[in-house]
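Residue strings, one per chain:
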Amino acid sequence: MTVSADLYLTQINAATSTAALDDIRVALLGKKGSVTELMKTLGALPPEERKAQGAAINALKEQLSAALDARKASLSAVELAEKLTKERVDITLPAAVSAPGALHPINNTILDITCLFAAQGFTVASATDVEDEFHNFDALNFPPDHPAKAMHDTFYMQDGKLLRTHTSTVQVHVLQTQKPPLRILAPGRVYRCDSDQTHAPMFHQIEGFVVEPGIHFGHLKGTLERFLSDFFGIPNLPVRFRPSFFPFTEPSAEVDIGCDRSGGGLKIGSGGDWLEVLGCGMIHPNVLRQCGLDPAVHQGFAFGMGVERLAMLKHGIPDLRAFFAGNSKWLRHFGRAPLGGLA
Ligand code: DAH
């Protein structure tokens, strides 16, 4: 019996899918395949013929196997290419994520306040959280023995540096490096050795200041009254300037807004009661001098506010610690998408 590969090779090369090719492999080389059946005929041959025929069948097997492998490789490549085309995903198509994030109310409040002051011509500046005594205290006219310098209020590093206790440091950095006229807003983190229901060792402040020719206390009043009324969304919000003291301003004032505490709650607006919201004043001549400015030429006003406090008042958040607890349910409730949208 002669063994011809041609017929089988034609079949193999005519296969149009890897599945069809697998069937051909079984039909040829499987347990009951044609080539396997050929092997079984060897036993009936005389020994000298058996040898030659056995070698021929083995060669055929190898030839077919190689042809099957080659055909499989080319069919697989075609099938893969077809699959990739068919299952193509356009990853550039816009799609919504299933769990949208929201801005933390602290960041949100900072954004709101920044926008409201931007509308009054302010630009944002910043400085580092790690400071030296000069920028945090001395340049801001704190006397050398001021109690705020004490170890129990301020976090000191081993090298004598400290974590800034207020964002007023930005006044010094900006006044030393930029030329007036200046309208600056400086949000940032501040640190104090303090921790209870109403104090956190790290919290956020926003410092603001203006240094322009002819600036006086009336401008300070007008700027803050407009801001507070915009921030709380209450037209004609009652605002009171109460004399106070800060080393870096003279005169200094604390600012109260009107509220109503009758009935146990707190309602911002008119009502005969007052609530303190920020500190302010005219920049002290010593501060201007320490920054290389002549107080006879330059005047300005400054103010500072606590972001957590304002966020708590605006959104009715009772406990300061919630801001730092990382509770995702709370964050979803108080968080907000940027640009005023709902998260
Ligand atoms: N630095 C003050 C604080 O940490 C806040 C402050 C009060 C800033 C009055 C000012 C200001 O610029 O004029 O409590």
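Higher on the page you've got the structure.
One structure accompanies this document, and this report is about it. A quick note: this is a predicted structure, and the numbers were derived from the prediction, not measured.

## Here's the deal with helix 4 (residues 47–86)
With 40 residues, helix 4 extends 57 Å between its outermost C-alpha atoms, agreeing within 8% with the 58 Å of an ideal straight helix rising 1.5 Å per residue. For helix 4, the full list of buried residues reads Q53, G54, I57, L60, L64, A67, L68 and L75. Packing partners of the buried residues in helix 4 comprise helix 1 (6–14), helix 2 (18–29) and helix 3 (34–40).

## Observations concerning helix 2
Every α-helical turn comprises 3.6 residues, leaving residues that sit three or four positions apart pointing alike. Taking 1.5 Å as the rise per residue, helix 2 with 12 residues should run 16 Å; its terminal C-alpha atoms sit 16 Å apart, in good agreement. Those residues of helix 2 that sit buried are T18, L21, I24 and L28. Within helix 2, the buried residues cover an arc of 110° as seen down the axis, which keeps them to one side. In this structure, helix 2 carries D23 and V26 as exposed residues pointing more than 90 degrees from its buried face. Each element contacted by the buried residues of helix 2 is listed here: helix 1, helix 3 and helix 4.

## Some points on the site of the ligand
By nearness alone, 15 residues border the ligand, and H166, S168, R192, Q205 and E207 come closest of all. The contact in question runs from a nitrogen atom of the ligand to an N or O atom on the side chain of H166, over 3.0 Å. In the environment of the ligand, an oxygen atom lies 3.2 Å from a nitrogen or oxygen atom belonging to the backbone of A302. About the coverage of the ligand: the protein hides 88% of its 350 Å² of free accessible area.

## Quick word on the pattern of salt bridges
Tallying each qualifying case throughout the model produces 15 salt bridges. Between R242 and D256 there is a salt bridge, with the nearest N and O atoms lying 2.8 Å from each other. Taken as a pair, R242 in strand 6 (residues 239–246) and D256 in strand 7 (residues 249–260) lie far apart in primary sequence, 14 residues in all. Judged by its relative accessible area of 27%, R242 falls in the partly exposed class. Its salt-bridge partner being D273, residue R261 comes within 3.7 Å of it at the nearest N-O pair. With R261 in the loop between strand 7 and strand 8 (267–268) and D273 in strand 9 (residues 273–283), this residue pair connects regions lying 12 residues apart in the sequence. The exposure class of R261 is partly exposed, given its relative accessible area of 36%. One connected set of salt bridges, linked through shared partners, spans R240, R242, E254, D256 and E276.

## Regarding the packing of aromatic side chains
Applying the stated criterion across every chain, the model contains 14 aromatic pairs. Taking the centre distance of 6.0 Å and the plane angle of 75° together, the rings of F217 and F241 count as edge-to-face. Of this pair, F217 sits in helix 8 (residues 217–232) while F241 sits in strand 6; the two residues are 24 residues apart in sequence, bridging distant segments of the chain. Judged by its relative accessible area of 24%, F217 is partly exposed. Overall, F241 belongs to the buried group, its relative accessible area being 18%. By way of ring pairs, the aromatic residues F117, F122, F227, F231, F232, F301 and F303 are connected into one cluster. Positioned over the ring face of F231 is K314, at 4.5 Å from the centre of the ring.

Criteria and cut-off values
- Residues numbered from 1 in each chain as written.
- Predicted model: local features only at pLDDT ≥ 70, side-chain atom pairs only at ≥ 80, totals over all residues.
- Heavy atoms only, no water.
- Helix = DSSP H or I, 4+ residues; strand = E, 2+ residues; numbered from the N terminus.
- Expected span 1.5 Å × (residues − 1).
- Buried < 20%, exposed > 50% of the residue type's maximum accessible area, 1.4 Å probe, protein only.
- Contact = heavy atoms within 4.5 Å.
- Arc of directions from axis to C-beta.
- Near = heavy atom within 4 Å.
- Polar contact = N/O pair within 3.5 Å; in protein donor to acceptor, adjacent residues only side chain to side chain.
- Areas by Shrake-Rupley, 256 points an atom, 1.4 Å probe, with all protein chains shown as cover.
- Salt bridge = Lys/Arg side-chain N within 4 Å of Asp/Glu carboxyl O.
- Phe/Tyr/Trp six-rings, centres within 6.5 Å; stacked < 30°, edge-to-face > 60°.
- Lys NZ or Arg CZ within 6 Å of the ring centre and 35° of its normal.

All we've got here are geometric facts, nothing functional implied.
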